[in-house]
Amino acid sequence: MFSLPDLPYAYNALEPYIDERTMQIHHDKHHAAYVKNLNDALIGHDDWLSMSIEELLKNLSKVPENVRTKVRNNGGGHANHSLFWQIMAPKAGRQPGGALGKAIDDAFGSFAQFQEKFAAAGMGRFGSGWAWLSLENGKLSIEDSANQDSPLMQGRTPILGLDVWEHAYYLKYQNVRADYIKNWWNVVNWDEVARRFKES
Ligand code: MN3
């Protein structure tokens, strides 16, 4: 069985950039529903219920076909949000140093150019989806995905993700996704992103 992880900080901890009410609904309703629907879809498929969510998504093509779409949407939702809560933190932001900082400079030219390209991926995603910084064979890339698709489904490891579904920002930012993205940089937990970079 998969379970809903607690937020690693209070609902209001990311104020003023992400508001308390959005965090409550996003975690307690949206993420909780992905977990419940994932578990429901896998009733009777115990071997799939006992692996990590990352392993499950990497092996999505082997999931029984009659439940695969549900697992893709809800398993993706569970993995994506579990990462999303971790790569944000209060009093965060700034920019990464060390090996990750250097890898970003090497891949994208500079941190500012990285931010620009990443924001463009988030803005360019039509409708609901995510922007990602992913690793594949030690190489960083920016991508975006539809719905709850994860880079894990393509064999890449996401180390930073931005939820651009309207439910992530609509209460505070209404239709102005660009302002949400601009403010989101203030809560990116680069220590956690660097940890994931090192681990991959
Ligand atoms: Mn979401």
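Values in this document were obtained by computation on a predicted structure and should not be read as measured data.

1. A short note on the domain arrangement of the protein
- Each assigned domain of the protein is listed here: domain 1 (20-86) and domain 2 (98-199).
- Taking only C-alpha atoms into account, the centre of domain 1 sits 20 Å from that of domain 2.
- Tallying the contact residues gives 19 residues for domain 1 and 21 residues for domain 2.
- Looking only at domain 1, the three residues that lose the most surface to domain 2 are Asn-80, Leu-83 and Phe-84, adding up to 35% of its buried area.
- Put simply, domain 1 and domain 2 have one salt bridge between them.
- Residues Asp-149 and Arg-72 are paired through a salt bridge, measuring 2.8 Å at the closest nitrogen-oxygen approach.
- Connecting domain 1 to domain 2 are eight residue pairs in polar contact (both at pLDDT 80 or more).

2. Looking at the pairing of strand β1 (residues 129-136)
- A large share of β1 lies buried, amounting to seven of its eight residues.
- Where β1 and strand β2 (residues 139-146) come together, eight bridges link them in antiparallel fashion. Among the inter-strand pairings, Glu-136 is bridged to a residue of β2, identified as Lys-139.
- From the end of β1 to the start of β2, which pair antiparallel, there are two residues, and Asn-137 there has a positive phi angle of about 50°.
- As defined by bridge partners, β1 adjoins strand β3 (residues 157-163) across six bridges and the pair is classed as antiparallel. What sits directly across from Trp-130, in β3, is Asp-163.

3. Digging into the nonpolar core
- Ranked by internal contacts, the top residues of the largest apolar core, which has 43 residues, are Met-88, Phe-114, Leu-140, Leu-160, Trp-184 and Trp-190.
- Contributions of two or more residues to this core are made by α1 (20-41), α4 (65-86), α5 (98-108), α6 (111-124), β1, β3, α8 (177-184) and α9 (190-199).
- The residue makeup of this core includes at least three contributed by each of domain 1 (20-86) and domain 2 (98-199).
- Each residue touching Leu-160, except ones within four places of it in the same chain, is listed here: Leu-83, Ile-87, Phe-114, Phe-118, Ala-131, Trp-132, Leu-133, Trp-184, Val-188, Trp-190 and Val-193.
- Core analysis: the second largest hydrophobic core is formed by 17 residues, Trp-48, Leu-57, Leu-60 and Ala-79 among them.

4. Some remarks on the coordination of the manganese ion
- The manganese ion binds to the protein through His-26 (NE2), His-81 (NE2), Asp-163 (OD) and His-167 (NE2); the donor distances cover 2.0 to 2.1 Å.
- We note that the donor set of the manganese ion lies within a single chain, spaced as H-x54-H-x81-D-x3-H. Note that His-26 is positioned in helix α1 and His-167 in the loop between β3 and α7 (170-173), a separation of 141 residues in sequence. Taken as a pair, His-26 and His-167 share a single burial class, namely buried.

What counts as what
- Residues numbered from 1 in each chain as written.
- Predicted model: local features only at pLDDT ≥ 70, side-chain atom pairs only at ≥ 80, totals over all residues.
- Heavy atoms only, no water.
- Domains from an automatic or database assignment.
- Contact = heavy atoms within 4.5 Å.
- Buried area = accessible area lost by both parts, 1.4 Å probe.
- Salt bridge = Lys/Arg side-chain N within 4 Å of Asp/Glu carboxyl O.
- Polar contact = N/O pair within 3.5 Å; in protein donor to acceptor, adjacent residues only side chain to side chain.
- Buried < 20%, exposed > 50% of the residue type's maximum accessible area, 1.4 Å probe, protein only.
- Helix = DSSP H or I, 4+ residues; strand = E, 2+ residues; numbered from the N terminus.
- Pairing = 2+ DSSP bridges.
- Core = buried A, V, L, I, M, F, W, Y, C linked by side-chain atoms within 4.5 Å.
- Donors = N, O, S within 2.8 Å, 3.2 Å for Na, K, Ca; no water.

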